[in-house]
Amino acid sequence: SRNRMPFLQHLTDSQLEQLALERIIPALLDRGFFYLDRFLGEAVGRMVLSQVKQIHRSGALSDGQLAGRGSGVCKSHIRGDKIAWRSGTERGSEAVGFLLKQTDKLISLCTGRLRKNTVRERSKAMVACYPGNGAGYVKHVDNPNADGRCVTCIYYLNKNWNAKEHGGVLRIFPEGKSYVADIEPLFDRLLLFWSDRRNPHEVQPSFATRYAITVWYFDSEERAEAKRRFRDSTASSQSSTTS
Ligand SMILES: Cc1cc(NC(=O)CCC(=O)O)nc(C)c1Br
Ligand SMILES: [Fe+3]
């Protein structure tokens, strides 16, 4: 069918392995984050972008949750992104599915050598769009309280992005380091970073439409422990209400 993916996978499995071993693992160990350009290649990157634009046009993107509990501040000043979750198997999201297949391979190559625990699970893909009204995303940590998320993986889709004019830079403040890392959300760029307190980050105000796809990879042990804590806490709260 027209939608069949041109399986010209940009990086072969052996290239992904070389990338993981020679570049990603050393960077994650040394600095805690890593990004590379031309992850999927022009053709497949464009397919992902066109599918994300279609998701946006179809009105499927909803307002991102508030970072702080409805603190009265106008919503768009805390988080201006509009989001939609995709597993990558939906009609019209085949290219997102292909991106996830590539990141799954890459992450499993990395975490197998980086962590004592395996990374077996991940979230769905979160398709995000900052509408370009000056909204950004306040400085935050993705996983401050051991909810299981260990690697944040963001794929950027913005052609001809000029940070001087459009803003929208992702600024990471690596814990304990004297520098910040400014990452422009460029087309076909993949960014990986530890999701915990090592990497507070913010999205600076964006003045053009800014698309990104984020997926979080879970450390199975930490995820299981977080679920246990959640079960205990809800059990105890139920017991208190019945008593
Ligand atoms: C839903 C959600 C999104 C994000 N996104 C970013 O940090 C922006 C990254 C970028 O687009 O460069 N972070 C958290 C902790 C949650 Br929750
Ligand atoms: Fe974040």
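Here is what the cut-offs are and how they apply
Residues numbered from 1 in each chain as written. Chains lettered and ligands numbered in written order. Predicted model: local features only at pLDDT ≥ 70, side-chain atom pairs only at ≥ 80, totals over all residues. Heavy atoms only, no water. Core = buried A, V, L, I, M, F, W, Y, C linked by side-chain atoms within 4.5 Å. Buried < 20%, exposed > 50% of the residue type's maximum accessible area, 1.4 Å probe, protein only. Helix = DSSP H or I, 4+ residues; strand = E, 2+ residues; numbered from the N terminus. Contact = heavy atoms within 4.5 Å. Phe/Tyr/Trp six-rings, centres within 6.5 Å; stacked < 30°, edge-to-face > 60°. Lys NZ or Arg CZ within 6 Å of the ring centre and 35° of its normal. Pairing = 2+ DSSP bridges. Axes fitted to C-alpha atoms, helices over the stretch in contact; angles between N-to-C directions. Donors = N, O, S within 2.8 Å, 3.2 Å for Na, K, Ca; no water. Near = heavy atom within 4 Å. Polar contact = N/O pair within 3.5 Å; in protein donor to acceptor, adjacent residues only side chain to side chain.

S.K.: It is not clear to me how the nonpolar core should be interpreted in this structure. Could you clarify?
M.R.: Note that soluble globular proteins tend to have their nonpolar side chains buried in a common cluster. Counting residues in hydrophobic clusters, the biggest one holds 46 residues, and the most contacted among them are Phe39, Leu106, Tyr155 and Ile213. Elements represented by at least two residues in this core include exactly α1 (13–30), β1 (33–36), α2 (42–57), α4 (94–114), β5 (125–130), β7 (149–156), β10 (189–194) and β12 (210–218). It is α4 that provides the largest number of residues to this core, a total of ten residues. Every residue in contact with Tyr155, bar those within four places of it in the chain, is listed here: Phe39, Leu40, Gly45, Val48, Leu99, Asp188, Arg189, Leu190, Ala212 and Ile213. Ile154, Tyr156, Ile172 and Ala181 belong to the second largest nonpolar core, which has 13 residues in total.

S.K.: Please explain the packing of aromatic side chains as it appears in this structure.
M.R.: Two descriptors summarise a pair of aromatic rings, namely the distance from one centre to the other and the angle between the planes of the rings. Applying the stated rule across the entire model yields two aromatic pairs. Ring geometry for Trp85 against Trp216: centres 6.3 Å apart, planes inclined by 45°, an arrangement best described as tilted. With Trp85 in strand β3 (residues 82–86) and Trp216 in strand β12, this pair connects stretches of sequence that are 131 residues apart. On the basis of relative accessible area, Trp85 is assigned to the partly exposed category, the value being 37%. One Lys or Arg, Lys139, reaches over the ring of Phe173 and ends 4.0 Å from the middle of that ring. In this arrangement the basic side chain of Arg149 is found over the ring face of Trp216, its NZ or CZ atom lying 5.1 Å from the centre.

S.K.: Honestly, the sheet that holds strand β6 (residues 137–140) in this entry has me stumped. Any pointers?
M.R.: Whether parallel or antiparallel, the strands of a sheet pair through hydrogen bonds between backbone atoms. Strand order in the open sheet made by the four strands is β6-β11-β8-β9, with antiparallel pairing throughout. Here the strands that pair on one side only, and so sit at the sheet edges, are β6 and β9 (181–183). This sheet shows a mean twist of 15° between the axes of neighbouring strands, independent of strand direction. Bridge count for strand β8 (residues 170–172) against strand β11 (residues 201–203) is three bridges, and the pairing is antiparallel. Looking at β11, one finds that Leu170 is bridged to Val203.

S.K.: What exactly am I supposed to notice about the pairing of β12 here?
M.R.: Looking down a regular strand, the side chains alternate between one sheet face and the other. Most of β12 is tucked away: nine of the nine residues are buried. Burial of the side chains of β12 extends over both faces: Arg210, Ala212, Thr214, Trp216 and Phe218 are buried on one face and Tyr211, Ile213, Val215 and Tyr217 on the other. Both strand β4 (residues 121–122) and β12 contribute to a ladder of two bridges, which runs antiparallel. Within β12, the position partnered with Arg122 by the bridge is Tyr217. Of the strand pairs in this sheet, β5 and β12 are connected by five bridges, and their pairing is antiparallel.

S.K.: Help me out: how do you make sense of the coordination of the iron ion (ligand 2) in this one?
M.R.: Around a metal, the idealised angle for a tetrahedral arrangement of four donor atoms is 109.5 degrees; for an octahedral arrangement of six donor atoms it is 90 or 180 degrees. Ligation of the iron ion (ligand 2) by protein atoms is provided by His140 (NE2), Asp142 (OD) and His201 (NE2), these donors lying 2.1 to 2.2 Å from the ion. Each donor residue of the iron ion (ligand 2) belongs to the same chain, with the gaps between them written as H-x1-D-x58-H. Overall, Asp142 belongs to the buried group, its relative accessible area being 10%.

S.K.: Is there a simple way to explain the site of ligand 1 in this structure?
M.R.: Neighbouring ligand 1 are 13 residues, the closest being His140, Asp142, Tyr156, His201 and Arg210. Within the contact set of ligand 1, a nitrogen atom lies 3.4 Å away from a side-chain nitrogen or oxygen of Asp142. A distance of 2.8 Å separates an oxygen atom of ligand 1 from a polar side-chain atom of Arg210. Secondary-structure elements contributing two or more residues to the shell around ligand 1 are β5, β6, β7, β11 and β12.

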